[in-house]
Amino acid sequence: SSVSGQTSGLVFYPPTGAFARPPREMGASTAVVDDVERGRGASPSVAPAHSRIGSFEVQEADEACSSGRSCSSWMTPLKSFALCCPKASARGVGCTCCALTFCSATIYLAILAGVSNIAINRMLVLKSADAGAFCGPGLTMANLAENINWPGCGRGQWDDSCSQPCYPADLLRKLRDFNAKHPGRLVRYPSRTADGVESVQLAGWYLPAVAGRFPRRHPAPRVVVQHGFTENSNYHRYVLVAYMLRLIGVDVVLNNFRDHGYSSNSSAGIYQWGHAYPYDLLGAWDYARRDPDGIMGGEVESDRVGLLGFSKGGFTTLNALGLEGLVPAAWVDSSPTSPEVVFGHTARQVFAKGVAPAVADTFLVNPAWRSVEIAAQSKGVDLTANVPWKTLPSGPDTRRPLQVIHNRLDALVPFTEHEKLLSLLSEYPEKYDVRSDWAPNGTCFGNAHNLDHLREFGPYLERLCRFWRSVFTMDQSACAQIVKEASAPRKRSWSSNLLARFRRAPA
């Protein structure tokens, strides 16, 4: 893999607002602050240092301490402790209120710093073990299927004891045999140029449809498939959907984001979400349309090249659809509407379980996400430069077909994101012909995210077939036969049948 290791230089940035400024920036006494920071507290012996802070602030502190009000409502915790507690002690009030305020604020900031660092590591820092998985030497599309992980079964030997009740193991064998016979090839192309976005050399798979199975125009129509978060073109989700598209008579380009799979590294070296990724996908779309290598049958009109994406790849597909008005149609599965949602949904479950969402968002999720945005900006990346609610309204008034699928039980990208997307799209009926008649409701080994094309292979393939064949003006009546053949048990050779009978024979 060409991806880099863990990104350095990403650190927690304290949030703006309350508790944001260090005490010395507030003008507090060096002696008092140093004592507090060393854990000794502030004693009456350093009380005269207040005079060096300012008469107005001393008066405020006097009033706050005398009335018993919280001293941190208008000052940072360290400063309020330095100003208020010595005054309170002198009056015999005690430092309980201020000490509790200081301790609470310190604990809160420590928790926030920890959550922010986790958020940065999760949302920005590239993991080479994930982004470059299954791309080692010797792996090609001809032998990839048996060398990647499949739900329930892992790698290699497949049987129904590991695949059921989610899917029949025979499906994987048919996919393996198909790819071994029609392996395709790796291709390289640049990302699309855009202001403020680095141009990077990308790489992905060109996987042709099988010629001659069904009548069609030549050259074949094409669909660019975009992988999701922390994955690449060689994960099972995309290998499977590429196989399905090829069965319906469509050529496929499996694209890799920059820093993923076979693509080159970027100078930022972080997950870039709405910044560069739409232009990576559009670079692959440009390649598929123009066929500069002359391997797809030549250049085709823009209305012969569609887009398909899963999860973050769906998020990127929506952005690309809005940015490029010549894309004829798109298919998105389990797409979030913003990167913040991906972090926030998980953070509320892990760090704020049982806490009211409004409270969790105000004091934990939103400040931590702000730290992620600032860390990305330090690398020259604007994570939300392109998001669907910004890009989709700019599309042309051509009612382009858009298929939207989302599992109701999805625990990673909640179903509310599907509803939010449909609400947004409903505002632009003149721009998009939205198809959202199917919302699956089931899991595959406890996971409901991006697995419906495996778990519901036949129904998913039929919808995929009817959608894309209608987009490309191909005969939809062939879909029933395509699904029947793809779902039928795999035909074994005489040697395979003999071996199967031998294995079933009693000892």
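Definitions and limits used
- Residues numbered from 1 in each chain as written.
- Predicted model: local features only at pLDDT ≥ 70, side-chain atom pairs only at ≥ 80, totals over all residues.
- Heavy atoms only, no water.
- Buried < 20%, exposed > 50% of the residue type's maximum accessible area, 1.4 Å probe, protein only.
- Helix = DSSP H or I, 4+ residues; strand = E, 2+ residues; numbered from the N terminus.
- Arc of directions from axis to C-beta.
- Contact = heavy atoms within 4.5 Å.
- Pairing = 2+ DSSP bridges.
- Salt bridge = Lys/Arg side-chain N within 4 Å of Asp/Glu carboxyl O.
- Disulfide = S-S within 2.5 Å.

Colleague: Break down helix α17 (residues 479–487) for me, with residues and values.
Modeller: For α17, the set of buried residues is C479, I482, V483 and A486. Within α17, the buried residues cover an arc of 95 degrees as seen down the axis, which keeps them to one side. Elements that come into contact with the buried residues of α17 comprise α7 (169–181), α8 (236–247) and α16 (457–471).

Colleague: Describe the pairing of strand β7 (residues 400–405), listing the residues and the values that go with them.
Modeller: The element β7 is extensively covered by neighbouring structure, given that six of its six residues are classed as buried. The alternating pattern of β7 places R400, L402 and V404 and P401, Q403 and I405 on opposite faces, both of which are buried. Of the strand pairs in this sheet, strand β6 (residues 330–333) and β7 are connected by four bridges, and their pairing is parallel. Counted as the bridge partner of A330 is L402 from β7.

Colleague: Which residues make up the pattern of salt bridges, and what are the values?
Modeller: Throughout the structure, instances matching the rule amount to 16 salt bridges. A salt bridge links R258 to D280; its shortest N-O distance comes to 2.8 Å. On the criterion of sequence distance, the pair formed by R258 in the loop between β4 (251–255) and α9 (277–290) and D280 in helix α9 is long-range, its members being 22 residues apart. Taking the shortest distance from any N to any O, the salt bridge between R289 and E299 comes out at 3.6 Å. One end of the pair, R289, is in helix α9; the other, E299, is in the loop between α9 and β5 (305–310), and 10 residues separate them in sequence. Here R289 falls in the buried class, since its relative accessible area comes to 16%. Taking relative accessible area as the criterion, E299 reaches 54% and is therefore assigned exposed. Through salt bridges with shared partners, a single ionic network connects R192, D286 and E324.

Colleague: Lay out the state of the cysteines with the relevant residues and their values.
Modeller: The full count for this structure, using the stated rule, is three disulfides. Residue C153 pairs covalently with C162 via a disulfide, S to S 1.9 Å. Given an S-S torsion of about 95 degrees, the disulfide between C153 and C162 has right-handed geometry. One disulfide bridge connects C465 with C479, the sulfur atoms lying 2.1 Å from each other. Across the S-S bond linking C465 and C479, the dihedral sits near -85 degrees, which makes this disulfide left-handed. Of the two residues, C465 is situated in helix α16 and C479 in helix α17; the sequence distance between them amounts to 14 residues. When its relative accessible area of 0% is taken as the criterion, C465 is described as buried. Overall, the relative accessible area of 0% leaves C479 in the buried class.

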